[in-house]
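# Survey of secondary and tertiary structure
Take a look at the letters that make up each chain.
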Amino acid sequence: MPDDNQKALGELVDSMGLLHDIVALRRRLHEEGYLFFRGLLDADELLAIREDMLKLADEAGFVNRDRPLPAGIYSGQTFPASRKFETSPLYRKILELPRFNAFGRNPVLTLLYGGLLDGPILEHRRRIGRITFPQSFKNTTPPHQDYFYIKGTPDTYTCWIAAGDCPAELGGLAVMPRTNHLGYIEHEPMPGTGGHGVPHDKCEALGLPWLTTDFKTGDLLLFHGLTLHKALDNRTEDRLRVSLEFRYQRAEDPIDPSSQQYHMHGAFETEEAPEVKQTQ
Ligand SMILES: O=C(O)CCC(=O)C(=O)O
């Protein structure tokens, strides 16, 4: 059974109407800790990335071949007990995909962040292309602030992007607005997950709502490094959730060396650097 992490969810506020007003967007980002843009990004490009990722998942045996590949239906094959998605050969291959890597430098994101951060920006090499399996609730990303993992500067901004429509039951992302003003909150080991986070009851005690939406391909959610956020459970019977993360900061701010490496650097079984020809 999923835990209670889907209850009492409010709706993200769409900032598309402020796209012409960068000062208002900066103010809203500072006040709320997040910005959401419905349909800002190129949906065709995202669907192509989704297909690239699903092809790799299919080669690894995780996609049901009786259904069209883009539907992303899970085959039911389990990971060996000793291996997590993030250290698997499949994930490592995803991190090498040229179209996925190039998306972090697309002009819409680059111009938007340049405006929001009001100067030269740096995009982290630590890009993430995630596949989340249905009914795998212990792997649902717990509430956390990215600063705990990303370090460097708290003024790092994450983009979370669904590659394929992602209604709430497929497990989108939820943010807790205005938590960027609370400073760093202590993170604890989250039993059974292998990761750290802020326990759900501690988050609820803050008295702020969790906000999410039924994400569509092309939507962009971005948030500050101290904004609490969490994944929702993928409660579907058999659908794979496919999502992307890119991170940006001011070029002049401190950066942790791990953000200049591909994600999970040092943790894979084979450790040659993934080759990404177009974007380096
Ligand atoms: O998609 C997820 O499961 C987690 C995403 C996340 O924590 C992030 O984008 O920082």
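Numbers given to residues run from 1 along each chain, matching the order in which its sequence is written. pLDDT decides what is reported in this predicted model: residues at 70 or higher carry local features, side-chain atom pairs at 80 or more are listed and counted, and totals for whole chains, interfaces and linings draw on all residues regardless. Water and hydrogen atoms were dropped before computing side-chain values, which therefore reflect all heavy atoms in the structure.

As annotated in an unreviewed UniProt entry, the protein carries the name Phytanoyl-CoA dioxygenase family protein and is attributed to Cohnella rhizosphaerae.

## Details of the side chain of Asp233
The way it works is that DSSP assigns letters per residue, a run of H or I at least four long becomes a helix, a run of E at least two long becomes a strand, and they are numbered from the N terminus. Looking at the element boundaries, Asp233 is found in the loop between strand S11 (229-231) and strand S12 (241-250). Throughout this description, buried means an accessible area under 20% of the type-specific maximum (1.4 Å probe, protein chains only), exposed means over 50%, and partly exposed covers the range between. Charge assignment in this entry is limited to Lys and Arg as positive and Asp and Glu as negative, and neither His nor the chain termini are counted. In the sections that follow, a salt bridge refers to a side-chain nitrogen of Lys or Arg positioned within 4 Å of a carboxyl oxygen of Asp or Glu. For the buried Asp233, no salt bridge is present, and the opposite-charge side chain at shortest range is Arg235, 6.0 Å distant. Polar contact is the term for a pair of N or O atoms within 3.5 Å; when the atoms are in protein, one must be able to donate a hydrogen and the other to accept it, and sequence-neighboring residues count only if both atoms are side-chain atoms. A polar contact is formed between the side chain of Asp233 and the side chain of Thr140, at a distance of 2.5 Å.

## Observations regarding the environment of Arg178
Note on placement: Arg178 falls in the loop between strand S6 (173-175) and strand S7 (188-190). A C-alpha to C-alpha distance of 9.8 Å links Arg178 and His224, two positions 46 residues apart in sequence. Not counting residues up to four positions away in its chain, the partners in contact with Arg178 are Glu31, Glu32 and Leu208. Any two residues whose heavy atoms approach within 4.5 Å at even a single point are treated as in contact.

## Some remarks on the nonpolar core
Taken as a class, soluble globular proteins show a tendency for nonpolar side chains to be buried jointly. Residues enter a nonpolar core if they are buried and are Ala, Val, Leu, Ile, Met, Phe, Trp, Tyr or Cys, with the set joined through side-chain atoms within 4.5 Å. Ile161, Leu220, Leu222 and Leu244 are the most contacted members of the largest nonpolar core, which totals 48 residues. Here this core gets six residues from one element, more than from any other, and that element is helix H2 (residues 43-59). Non-local contacts of Leu222, meaning those with residues more than four positions away in its chain, are made with Leu29, Gly33, Tyr34, Leu35, Phe37, Leu112, Tyr113, Leu116, Thr158 and Cys159. Counting 14 residues, the second largest nonpolar core, distinct from the first, contains Leu170, Leu211, Phe223 and Ala231.

## Regarding the site of the ligand
Whether a residue is near a molecule or strand depends on its heavy atoms: if one lies within 4 Å, it is near. Lining the immediate surroundings of the ligand are 14 residues, of which Thr141, Trp160, His229, Arg241 and Arg247 lie closest. His144 places a polar side-chain atom, nitrogen or oxygen, 3.2 Å from an oxygen atom of the ligand. Expressed as a share of its isolated accessible area of 290 Å², the protein-covered part of the ligand is 98%. Elements with a minimum of two residues in the shell around the ligand: strand S5 (157-162), S11 and S12. Top element by residues in the shell around the ligand is S12. It accounts for four residues. Each accessible area value is a Shrake-Rupley result obtained with a 1.4 Å probe; residue values ignore everything except the protein chains displayed when judging cover.

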